[in-house]
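Read off the chains here:
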Amino acid sequence: MTIMKNLTLGTAFAALGATSALAGGHACAEGRVSIVGNEFPAIQSVAAAALECAGDTAEANLTADHQKINVAGMTGNPAEYTTAIVANSSIVALINEDVIRSLDDLVAEHGADIPQQQLITVDGKVMAVAFMANAQHLVYREDVLEQIGADVPTSYEDVLAAAQQIREAGIMEHPVGGAYAAGWNLAQEFTNMYIGTGGEFFKPGTAEVSINNEKGVEALEMMKALSEYMNPDFLTHDSNATSAEWEAGNVALMNMWGSRTGVLMDDEGSAPEVYENTKVSGPLTVGDSGVPATTLWWDGWTVAKNISDEDAVATFKAMKAGSSPDILNDETMSQAVWLMEGFQPQEVNEGVLASVAAGSAPYPMVPFQGLLHTALGDNIADYLQGNESAEQTLADIEAAYTAAARENGFLQ
Amino acid sequence: MSVATRRPLSIRFLATSFLMLWLIMAAFPFLWTLWGSFKVEGDFFSKADWANSIFGTLTQVETGGSFTDDGYYGAWVQEEFWRAAFNTAIVCICVVTISLTCGTLAGYALSRSTYRYAFWLLLFALIFRAMPPITLVSGYLLPFFEWNLWGHLSTTIIVLVAINQPFTLWMLHSFFKNIPKDLDESAMVDGCTRFQAFRHVIIPVMWPGVITTGLFSFLLAYNDFAVTSMLLAKENHTMVPKIASFLGTTQTKGNVMFAVAAVVSVTAPLFVMILFFQRQIVSGLTAGAVKG
Amino acid sequence: MKHSTFFWFVFPSVLLMIAFIALPIVSVVTQSLYSKHEQVIIVVENCGPFGCTQSTTVDQAATEALRAEEPLGKWAGLDIYKDRNHLAVNEVASAWVNSDGLPDFGRTLMNLPFYSAMAFTLTYTAVVTPLTIILGFFIAIAVNSVARRLRGPTIFFSLLPMIVTPLVGSLILFWMVDARGILGTGLQWLTNDPSLSVKASTPLMWAMLMVYGVWHSAPFAFIVYYAGLQTVNTDTLEAAMIDGASRWERIRYVVIPHLVPLTTFIALIQLMDNFRVFEPIVSFAAAAHATSLSYAIFNDLGGETRLLSSAAATSVLTIIFVAILLSPVLVRTWRDFGTQK
């Protein structure tokens, strides 16, 4: 009941905010606003609305390289960027370097109407406000599954069985797809799979890695089993290339980003039999742990630490306007799975929503997860190519991570 | 043609067929891209069947014709690629001018000095060039943000000039070494200062070598990605980082055809430029621009 | 030339190089000798749209104190150079003791990131540099025999591999060599092996990277040689001909000696650039099969947590190796300088 009340209040406030913004001609916030973030359409929409609120002097630098410049751009005093739009993996670097401020006071004063579920808290302190969600989940070809008479897979074991049938029926030679390009993508797939086996990346409360166990081996073995049904070039296929394979009609089952399914289901880039039969489903499981083998992602905004209080307030107000329910319209509705009130899910969003509903784990917001991710991306290919044993690969990953963590002060 | 350069038929045939083979190898990927830039993405990738990229099967389905200019329209009109082209023009002109001005002065001095320190300067310039640019660039970020230099075209221009100085120095140094010393020294005997001798005697004869070096500077500024993508704010992006931004990210699809169309259009002005400057490239190097 | 005149002539250029290259190198070397402070880690509860989880975070207050004590970081000396992700001194030593036989030792060595990167980098440099020079030389000779009015377009097309933006140029080639692309299909047809895929096999991937390397840098060697050919003394050639020198002898004894200084220059630049091979590895997504030192730096700087000291150490190692590679050429230049006085 209180939630309902809050929401109505929130909408009322938002409406008020919008009216005053219109009435004032510009500027719903006085002060310097400068945004850095990634460049995909959903973030473009948020930044555009925030800039409209902040007036003519505000700037946005939206680029795929945002992660390489945001720490440097927020370290100076005053910081070049008053806000960075980040995801749960990249906020960690900002927290580690201590360049973003706690939003507690700002939320209390100016953001009481932001729904609790959008607030990202670390140790009880609000550090970011999330506005969209993303996850990887199953994408499948309805017609192919019908042909072999299989149900929609819910586990990777089902995927392997279906893939076997599809190959035997001579429909496709390489029916499974996946973004297994060595580097970030491959590490992400392992992270999904390892979480799916119920494994823990680190010894609790420490930076000591602990993936060289039977769960790590299980995750690697499942990845290798899947790769047998993938195009032989799988180690060079990033999510772009995997989607291209899908559109060419060469793949029937894959684990893919929810944010990319929209373009797979539209009528561009593929034959009608492909896009009409492209369907999404929830996350897959592996083994009997019951944990979905996927990670949940959010994108949200932060406020820089090294700026004046006035600028922080202006930035907070502008970004709040940028991620308010008001930005949802016919054009922006389909750009993402928005976390704001008033978002109407569409067919393409079902996969992400199912992932959330299945209780999947968020991508770990751990200070040293990025180091492990890099070490994973560098070493897993050795195992998938059959150059060494799973245990050896896991040992290599642990050694590479340990050296890096030592250099960064996480381990002594 | 003099007697010495006349070739027997068999050698000519061999040379011609080798050249044809090389030209096909060199130009085919580009011509393929040119052809493909008028297709839709499905045909360009042609993951289903490579012949699609020739016949444009999907282009027919999606646009109704065998050719489409969607890529060009998207890149130039929708994504305002001309802004990036304009920025590139500024960057290239400034980089070439500044790096040649600094480079000719220093290159000339290096070629005329007989002291050991000139050699050490050249040596260090070479060692400097070994530094991987990405390390340099990531080192610039913090001070540039601190001093409010980040994101401007001017900063990027200076950085590109600096990074390119070692190459420019080496090339111009060897070039000036081939201009006889008597030229400027006799001018100095006549009462000119060193700078006057440089201005009135050396500058008139140095153009071929300078133009050649300038072309390499130009190509560096034109094609640079590491520096421009990291040091320029989005609105100041030059063409190459702009093209990279068409390629999409891990979680979202890009507009590959925009990138392909942009690459093709980026190459066109170079064609004109090479035709225009090819004589100078050759006459410049002819005067001995590059001697180790 | 007087010292003061020399100083003013080189001043702008040297100032630029000191500010933007020398000082950064100093800071990179310093960076490589320090590691980060100890980070105090605490367990906290993180909440967000997907519920709450127990997690770790850096205790900023406690870490701040350590940071204030040593602003540069913790002195590490050569530790970073010696750790597993670089020279791996301990790992190599123990592999030397424990391995049975050289092949086993080699395998252990190749499992270490630095040594496998070096293996590819050195092979690449050793193969691509001479091939580039040879191919460039023959293209130059061939273009030189083309009719004058066709030379403009011929030069343009010959330069194309160098001038098409490498970022996209290599991507396009990558699409073309895909098993379903036109070059990939062509290869399958040539070898009569329908399952052949360049991207799936390490040796083929290495070969493709090297072919790309030669293709991409041959134009540089070509244009330099082509220019050099314009100045070959025709009198000497004619004299050699009258003396009965065959065509090959004329190339061998007149043209090639004339081009030697140019070769030094090309070799210098190519050795350095090939040793820093980077772009094709990224564009061809070849990291599973081949890595290089530059790729390792890119990887260190591109992750969610940047490894500044590690990248700095690899950069310093790169400079040292380039200096070693170039030393023969540099010694030559030194001698040339000595004889000029």
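Residues numbered from 1 in each chain as written. Chains lettered and ligands numbered in written order. Predicted model: local features only at pLDDT ≥ 70, side-chain atom pairs only at ≥ 80, totals over all residues. Heavy atoms only, no water.

### Details of the overall build of chain C
Next up, step 1: Broken down by element type, chain C carries 15 helices and 4 strands.
Next up, step 2: Taking 341 residues into account, the globule formula puts the C-alpha radius of gyration at 20 Å, and chain C, at 26 Å, lies well above it.
Next up, step 3: In terms of overall dimensions, chain C has C-alpha extents of about 90 × 70 × 50 Å along its principal axes.
Next up, step 4: Residues counted as buried form 57% of the 341 residues belonging to chain C.
Next up, step 5: Partitioning the contacts of chain C with sequence separation of at least 6, the portion at a separation of at least 24 is 65%. (Helix = DSSP H or I, 4+ residues; strand = E, 2+ residues; numbered from the N terminus. Rg over C-alpha atoms; globule rule 2.2 N^0.38 Å. Buried < 20%, exposed > 50% of the residue type's maximum accessible area, 1.4 Å probe, protein only. Contact = heavy atoms within 4.5 Å.)

### Observations concerning the domain arrangement of chain A
Residues and elements named next belong to chain A.
Next up, step 1: Per the domain assignment, the segments making up chain A are domain 1 (21-134 + 297-351) and domain 2 (135-296 + 353-407).
Next up, step 2: The C-alpha centroid of domain 2 is placed 30 Å from the C-alpha centroid of domain 1.
Next up, step 3: On the domain 2 side, the residues contacting the 17 residues of domain 1 number 24 residues.
Next up, step 4: In this assembly, domain 1 packs against domain 2 so that about 1600 Å² is buried in total across both faces, 63% of it on carbon and sulfur atoms.
Next up, step 5: Contact with domain 2 buries surface across domain 1, with N134, W297 and G351 losing the most and accounting together for 43% of the total.
Next up, step 6: Linking domain 1 with domain 2 are 0 salt bridges, by the criterion used here.
Next up, step 7: Counting across the interface, domain 1 meets domain 2 through 12 residue pairs in polar contact (both at pLDDT 80 or more).
Next up, step 8: Within the residue set of the side of domain 1 that touches domain 2, elements represented by two or more residues are α4 (91-96), β4 (119-122), β9 (295-301) and α15 (350-357).
Next up, step 9: Per-element tally for the side of domain 1 that touches domain 2: the top contributor is α4, with 3 residues.
Next up, step 10: Here the side of domain 1 that touches domain 2 is composed, by residue class, of 9 nonpolar, 6 polar and 2 charged. (Domains from an automatic or database assignment. Buried area = accessible area lost by both parts, 1.4 Å probe. Salt bridge = Lys/Arg side-chain N within 4 Å of Asp/Glu carboxyl O. Polar contact = N/O pair within 3.5 Å; in protein donor to acceptor, adjacent residues only side chain to side chain. Nonpolar A, V, L, I, M, F, W, Y, C, P; charged D, E, K, R; others polar.)

### Some words on a nonpolar patch on the surface
All names here are of chain B.
Next up, step 1: Among the surface-exposed residues, L31, L34, W35, F38, W50, I54, F55 and F67 lie close enough to one another that they form a single nonpolar patch of about 730 Å² accessible area.
Next up, step 2: Secondary-structure elements contributing two or more residues to the nonpolar patch are α1 (9-36) and α3 (52-55).
Next up, step 3: Take the nonpolar patch: its biggest share by element is 3 residues, from α1.
Next up, step 4: Here F67 shows up in the loop between α4 (57-63) and α5 (70-78). (Patch = residues over 30% accessible without salt bridge, like charges linked within 9 Å, V, L, I, M, F, W, Y side chains within 5 Å. Areas by Shrake-Rupley, 256 points an atom, 1.4 Å probe, with all protein chains shown as cover.)

### Brief notes about the pattern of salt bridges
All names here are of chain B.
Next up, step 1: Under the counting rule described, the total for this entry stands at 24 salt bridges over all chains.
Next up, step 2: Between E80 and R83 there is a salt bridge, with its nearest N and O atoms 2.9 Å apart.
Next up, step 3: Two residues, R112 and D184, come together in a salt bridge whose shortest N-O distance is 2.9 Å. Of this pair, R112 sits in helix α6 (residues 81-112) while D184 sits in helix α10 (residues 181-189), placing them 72 residues apart in sequence.

### Overview of the nonpolar core
Buried together is how nonpolar side chains tend to be arranged in soluble globular proteins.
Next up, step 1: Of all hydrophobic cores here, the largest spans 323 residues; its most connected members are I91(A), L226(A), W338(A) and Y401(A).
Next up, step 2: Per-element accounting of this core gives the leading share, 16 residues, to helix α10 (residues 202-230) of chain C.
Next up, step 3: Counting 14 residues, the second-largest nonpolar core is a separate cluster that includes W246(A), V251(A), M256(A) and V348(A). (Core = buried A, V, L, I, M, F, W, Y, C linked by side-chain atoms within 4.5 Å.)

### With respect to the state of the cysteines
Next up, step 1: The full count for this structure, using the stated rule, is 1 disulfide over all chains.
Next up, step 2: The disulfide that involves C47(C) links it to C52(C), with 2.0 Å between the sulfurs. Residues C47(C) and C52(C) are joined by a disulfide whose S-S torsion is about 110°; by sign, that bridge is right-handed.
Next up, step 3: By relative accessible area, which is 18% here, C47(C) ends up buried.
Next up, step 4: Assessed through its relative accessible area of 45%, C52(C) is described here as partly exposed.
Next up, step 5: In this model C92(B) remains outside any disulfide bridge; the closest cysteine sulfur is found in C94(B), 9.4 Å from its own.
Next up, step 6: Taking the relative accessible area as the measure of exposure, C92(B) reaches 2% and is therefore buried.
Next up, step 7: The exposure class of C94(B) is partly exposed, given its relative accessible area of 27%. (Disulfide = S-S within 2.5 Å.)

### Digging into helix α12 (residues 247-275) of chain C
Next up, step 1: Here α12(C) is 29 residues long, yet its end C-alpha atoms lie only 36 Å apart, well below the 42 Å a rise of 1.5 Å per residue gives.
Next up, step 2: A bend of about 45° at V260(C) is the largest found in α12(C), and the proline P261(C) appears one to four places after it. (Expected span 1.5 Å × (residues − 1). Bend = angle between axes of the 7 residues up to and from the residue.)

### So, the side chain of S210(A)
Residues and elements named next belong to chain A.
Next up, step 1: In this fold, S210 is placed in the loop between α8 (184-196) and α9 (214-227).
Next up, step 2: Here S210 falls in the buried class, since its relative accessible area comes to 18%.
Next up, step 3: Those residues in contact with S210 that sit more than four places away from it in its chain are Y194, E200, F201, F202, K203 and E398.

### Looking at the packing of helix α6 (residues 113-144) of chain C against helix α7 (residues 151-163) of chain C
All names here are of chain C.
Next up, step 1: α7 packs onto α6 with a crossing angle of 165° between their chain directions and a minimal axis gap of 11 Å. In this view, α6 runs roughly antiparallel relative to α7, as classed from their interaxial angle. Relative to α7, α6 is oriented so that their crossing is right-handed. Residue-level inspection shows I139, V143 and N144 of α6 in contact with α7, the latter providing R151, T154, I155 and S158.
Next up, step 2: Residue composition of the contact of α6 with α7, by class: 3 nonpolar, 3 polar and 1 charged. (Axes fitted to C-alpha atoms, helices over the stretch in contact; angles between N-to-C directions. Parallel < 35°, antiparallel > 145°, perpendicular 65-115°, else oblique. Left-handed = near helix turned anticlockwise from the far one by under 90°.)

### Here we look at the side chain of S309(C)
Next up, step 1: With respect to the secondary-structure elements, S309(C) resides in helix α15 (residues 308-339).
Next up, step 2: On the accessibility criterion, S309(C) (4% relative accessible area) is buried.
Next up, step 3: Only 2.7 Å separates the side chain of S309(C) from the backbone oxygen of Y34(C), close enough to count as a polar contact.
Next up, step 4: Beyond its immediate chain neighbours, meaning those up to four positions away, S309(C) contacts E407(A), Q31(C), S32(C), Y34(C), S35(C) and I80(C).

### So, the interface of chain A and chain C
Many analyses report the size of an interface as the accessible area lost when the parts associate.
Next up, step 1: Opposite the 60 residues of chain A that make contact, chain C presents 55 residues.
Next up, step 2: Between chain A and chain C, a total of about 4500 Å² is buried, with carbon and sulfur atoms accounting for 49% of that surface.
Next up, step 3: For the interface between chain A and chain C, the tally reads 3 salt bridges.
Next up, step 4: Seen at the junction of chain A and chain C, the total is 21 residue pairs in polar contact (both at pLDDT 80 or more).
Next up, step 5: Counting residues per element, the ones that place at least two in the side of chain A that touches chain C are α3 (66-75), α4, β4, β5 (125-141), β9, α16 (369-384) and α17 (390-407) of chain A.
Next up, step 6: Looking at which element gives the most residues to the side of chain A that touches chain C, the answer is α17(A), with 7 residues.
Next up, step 7: Here the side of chain A that touches chain C is composed, by residue class, of 29 nonpolar, 20 polar and 11 charged.

### What about the interface of chain B and chain C?
Next up, step 1: Counting from both sides, the interface comprises 101 residues of chain B and, opposite them, 98 residues of chain C.
Next up, step 2: Each partner contributes to the roughly 9200 Å² buried at the junction of chain B and chain C, and carbon and sulfur atoms together form 80% of this total.
Next up, step 3: Between chain B and chain C we count 1 salt bridge in total.
Next up, step 4: Between R129(B) and D273(C) there is a salt bridge, and its shortest N-O distance comes to 3.2 Å.
Next up, step 5: At the boundary of chain B and chain C, one finds 11 residue pairs in polar contact (both at pLDDT 80 or more).
Next up, step 6: Top element by residues in the side of chain B that touches chain C is α1(B). It accounts for 15 residues.
Next up, step 7: Counted by class, the side of chain B that touches chain C contains 77 nonpolar, 14 polar and 10 charged residues.

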